Amino acid sequence: MQPLRIALAQIAPRLGDLEANLTRHHELIAEARGQGAGLVIFPELGLTGYQLQDLAADVAVRLDDPRLAGLAEAARGMSAVVSFVEESADHRLFIAAALLEDGLIRHVHRKVFLPTYGLFDERRFFAAGDVVRATPSRLGVGVGLAVCEDFWHVSTPHLLAMDGAHLLINVSSSPGRDLASTHDVGLGTAASWRTLMRTYAQLTTSFVVFCNRVGVDESLSFWGGSEVIGPTGATVFGAPMFEEGLFTADIELGDVRRERITLPLLRDERPELVAREWDRIVAGRAGLAEDAGQ
Amino acid sequence: MSVAGAGTPPEEPMFELPHELAIDTGVARRVIADFIRGQLRQAGFERAVLGLSGGIDSALVAFLVAEAIGPERLLCVMMPYRTSSPASQADAEAVVAALGCASELVEITAMVDGYFGVDGVPGEGGPDALDASPLRRGNFMARMRMATLYDRSVTWRALVVGTGNKTESLIGYTTLFGDAACAFNPIGDLYKSQVRQLAAAVGVPETVIRKAPSADLWPGQTDETEAGFTYPVLDRVLFWRVDRRRSVDEMVAMGFEAGLVERVDRMIAGSEFKRQVPPIAKLGPRTAGVDYLYPRRRPGSARP
């Protein structure tokens, strides 16, 4: 299997300025191509900025929008992951990430878990996705897309890996907070994310790629620190925190096979058991189980 | 935890830093510098103006702004009243000299005395204003300084940078539309103890860090004698109560005095109005702050 060069576009999108961000995407896709990348990844809402509030409706695009087709065309010969506000035919707004390949939108993931607590208010402005599915890709392996909070639910990486992903890609707009000096990287948010990425990579014996934005929207500062973690849980690459740039990392996709032969965790998974127990738990939580105690 | 100043013996700490409040100052500087640049860029401004009192809060913000955009784009305005401490003035000048930024001296004495009157002669505020309480005078001074800064923001073509810290904001030790007025605030989420830690890290003069905090509304006034507790204690109460959501009972179990916690609670609740935008009576279909919610800056909102 060919080595793959991944380009992480750790950008600072301009809030609400779709055209300016689109231009920046085109520039960086060209730059990634020039550097020999086979996959270029942009952060969550890289085309619009994060703290949109009521602007979300103004910057939403349909999947047949020619501007998305233009990005797909620009990325021809590579794979690209871009993120934007998707408006569905029935006018729901989703936070979406799309895999662009061969001039087409190969796959769209709509953010499933919308944080609406603390500093987040996503459910007020967006609809939640209902699907977690891996997709085949021109890279020769399955790809699993997820957006930020989706990875604060262990079900997401688990489902994606079980559905055939070798490469789990999380695009994020993670605001930095909790500056306590006791954290190993000086920022509580970053320390938590770093733990998650390593854990998921090891438990799913997959590559995990985290692409987080930088810059400032209103009060929020985004911390970057994009990463590539190998299927053993070892760090392949870490981008600097807070620094804008296009960072590349080389991976050997064959490492997934080697690790899964050595450590056959996915082989030994018991999805039928999980599904059976989930059915029971779901019924219990809905008050439908025969002996539902509460 | 105690932090010694450069060149001072360790038995003379510059300030007391409760360990749970210690921050990574490198990350804080990075975040704040990006924040300052981002606020200015999104608004279409290149320069900043702030009121420099000689105290640690405004000194720290001056250092942070200079670090973010360069001292040549910063204007520090010193606005003493006739009773203001000459030492404060000297400390403010030391900060300006250390940074090499622009500065201006605007005395507010005539503005304040013109309202309250002076030497038994009434001002525009009427004869009763001659006997105005320190509270009225202090608030008025803070608002004259605000008016001056916003005027200078036009001539300097700048945004007004806030210099209030989290401690004074939470207990309401601020003047509404006075010292609390600003375009953005880089240190409003840092407790006083954290302000001190960051001030030491960025090189604020040691005399400014060491001296007792004071609103300087009358000679000899200090925050801590007025409030009756020290900043490290107050900061710890606020941190555990607000940031870590500890109940009063849990606070007492941790060793805090119940009376202190309850008093701080009342100060927080009593000053909630100072931390929020005034409510608008909801009448129309879309109301600012209620169901008309936009970022402060978006394409087209930057000053051309």
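Residues numbered from 1 in each chain as written. Chains lettered and ligands numbered in written order. Predicted model: local features only at pLDDT ≥ 70, side-chain atom pairs only at ≥ 80, totals over all residues. Heavy atoms only, no water.

## Quick look at the overall build of chain A
Inference 1: A tally of helices and strands in chain A yields 8 helices and 14 strands.
Inference 2: Relative to its length of 294 residues, chain A is compact, with a C-alpha radius of gyration of 19 Å against a globular reference of 19 Å.
Inference 3: When its C-alpha atoms are laid out on the principal axes, chain A stretches across 60 × 45 × 45 Å.
Inference 4: Relative to its full complement of 294 residues, chain A shows a buried share of 55%.
Inference 5: Here chain A displays about 12400 Å² of accessible surface, and carbon together with sulfur accounts for 51% of that area.
Inference 6: Where the 27 positive side-chain charges of chain A centre and where its 39 negative ones centre are 4 Å apart. (Helix = DSSP H or I, 4+ residues; strand = E, 2+ residues; numbered from the N terminus. Rg over C-alpha atoms; globule rule 2.2 N^0.38 Å. Buried < 20%, exposed > 50% of the residue type's maximum accessible area, 1.4 Å probe, protein only. Areas by Shrake-Rupley, 256 points an atom, 1.4 Å probe, with all protein chains shown as cover. Lys, Arg positive; Asp, Glu negative; His and termini not counted. Charge placed at Lys NZ, Arg CZ, Asp CG, Glu CD.)

## Side note on the sheet that holds strand E13 (residues 235-238) of chain A
Residue and element names in this part refer to chain A.
Inference 1: The strand order across the open sheet formed by 6 strands is E6-E7-E8-E9-E12-E13, and the pairing between neighbours is mixed. The outermost strands of the open sheet, each flanked by one partner alone, are strand E6 (135-136) and E13.
Inference 2: The pairing of strand E7 (residues 142-147) with strand E8 (residues 165-172) spans 6 bridges and is classified as parallel. Within E8, the position partnered with Leu145 by the bridge is Ile169.
Inference 3: Against the sheet, helix H6 (residues 188-204) makes contact with E8, strand E9 (207-212), strand E12 (227-229) and E13, and its axis sits at roughly 30 degrees relative to E12, the strand it touches most. (Pairing = 2+ DSSP bridges. Contact = heavy atoms within 4.5 Å. Axes fitted to C-alpha atoms, helices over the stretch in contact; angles between N-to-C directions.)

## Regarding unusual backbone geometry
Residue and element names in this part refer to chain A.
Inference 1: Positive phi, normally seen in glycine, also occurs at Gln53, with a value near 50 degrees.
Inference 2: Among the structural elements, Gln53 can be located in the loop between strand E2 (39-41) and helix H2 (56-59).
Inference 3: Backbone geometry at Thr205 places phi at a positive 40 degrees, although glycine is not the residue there.
Inference 4: Mapped onto the secondary structure, Thr205 falls in the loop between H6 and E9.

## What to know about the interface of chain B and chain A
Accessible area lost when the parts come together is the quantity often used to give the size of an interface.
Inference 1: With 24 residues of chain B at the contact, the number on the chain A side is 27 residues.
Inference 2: Here chain B meets chain A over a buried area of about 2000 Å², counting both sides, of which 56% is carbon and sulfur.
Inference 3: Contact with chain A buries surface across chain B, with Arg30, Leu293 and Pro295 of chain B losing the most and accounting together for 25% of the total.
Inference 4: Taken together, the links from chain B to chain A amount to 2 salt bridges.
Inference 5: In this structure, Glu243 of chain A and Arg30 of chain B form a salt bridge, with 4.0 Å as the shortest nitrogen-oxygen distance.
Inference 6: At the junction of chain B with chain A, the criterion picks out 7 residue pairs in polar contact (both at pLDDT 80 or more).
Inference 7: Within the side of chain B that touches chain A, the residues separate by chemical class into 12 nonpolar, 2 polar and 10 charged. (Buried area = accessible area lost by both parts, 1.4 Å probe. Salt bridge = Lys/Arg side-chain N within 4 Å of Asp/Glu carboxyl O. Polar contact = N/O pair within 3.5 Å; in protein donor to acceptor, adjacent residues only side chain to side chain. Nonpolar A, V, L, I, M, F, W, Y, C, P; charged D, E, K, R; others polar.)

## Side note on the pattern of salt bridges
Residue and element names in this part refer to chain A.
Inference 1: One pass over the structure, following the stated rule, counts 34 salt bridges over all chains.
Inference 2: Arg5 is paired through a salt bridge with Asp250; the nearest N and O atoms lie 2.7 Å apart. Of this pair, Arg5 sits in strand E1 (residues 3-10) while Asp250 sits in strand E14 (residues 245-252); the two residues are 245 residues apart in sequence, bridging distant segments of the chain.
Inference 3: Salt-bridge contacts for Arg194 lead to Glu227; the nearest nitrogen and oxygen are separated by 3.3 Å. Of this pair, Arg194 sits in helix H6 while Glu227 sits in strand E12, placing them 33 residues apart in sequence.
Inference 4: By relative accessible area, Arg194 is classed as partly exposed at 29%.

## Details of the nonpolar core
Inference 1: Residues Ile41, Leu167 and Ile169 of chain A together with Ile36 and Leu74 of chain B are the most contacted members of the largest nonpolar core, which totals 138 residues.
Inference 2: Not counting residues up to four positions away in its chain, the partners in contact with Ile36 of chain B are Leu64, Val65, Ala68, Ile69, Phe184 and Pro186 of chain B.
Inference 3: By size, the runner-up hydrophobic cluster in this structure holds 25 residues, among which are Leu22, Ala37, Val61 and Leu71 of chain A. (Core = buried A, V, L, I, M, F, W, Y, C linked by side-chain atoms within 4.5 Å.)

## Digging into a nonpolar patch on the surface
Residues and elements named next belong to chain A.
Inference 1: A contiguous nonpolar patch, built from Trp278, Ile281 and Val282 and spanning about 290 Å² of accessible area, is present on the exposed surface.
Inference 2: The residue Ile281 is located in helix H8 (residues 271-285) in this model.
Inference 3: With a relative accessible area of 33%, Ile281 lands in the partly exposed category. (Patch = residues over 30% accessible without salt bridge, like charges linked within 9 Å, V, L, I, M, F, W, Y side chains within 5 Å.)

## So, the pairing of E7 of chain A
All names here are of chain A.
Inference 1: Extensive coverage of E7 is indicated by the burial of 6 of its 6 residues.
Inference 2: Alternating positions in E7 separate into two faces, Gly142, Gly144 and Ala146 on one and Val143, Leu145 and Val147 on the other, with burial throughout.
Inference 3: One ladder, built from 2 bridges, connects E6 with E7; its direction is antiparallel. Within E7, the residue paired with Thr135 across the bridge is Val143.

## Points about the domain arrangement of chain A
All names here are of chain A.
Inference 1: In terms of domains, chain A is made up of domain 1 (3-261) and domain 2 (264-294).
Inference 2: The distance between the C-alpha centroids of domain 1 and domain 2 comes to 30 Å.
Inference 3: Domain 1 puts 9 residues into the contact, and the matching count from domain 2 is 5 residues.
Inference 4: A combined buried area of about 580 Å² lies between domain 1 and domain 2, and 71% of that area is made up of carbon and sulfur atoms.
Inference 5: Of all residues in domain 1, the largest losses of buried area upon contact with domain 2 belong to His158, Met162 and Arg260, amounting jointly to 58% of the total for that side.
Inference 6: Between the two partners, domain 1 and domain 2, sit 0 salt bridges.
Inference 7: For the pair domain 1 and domain 2, the interface holds 1 residue pair in polar contact (both at pLDDT 80 or more). (Domains from an automatic or database assignment.)

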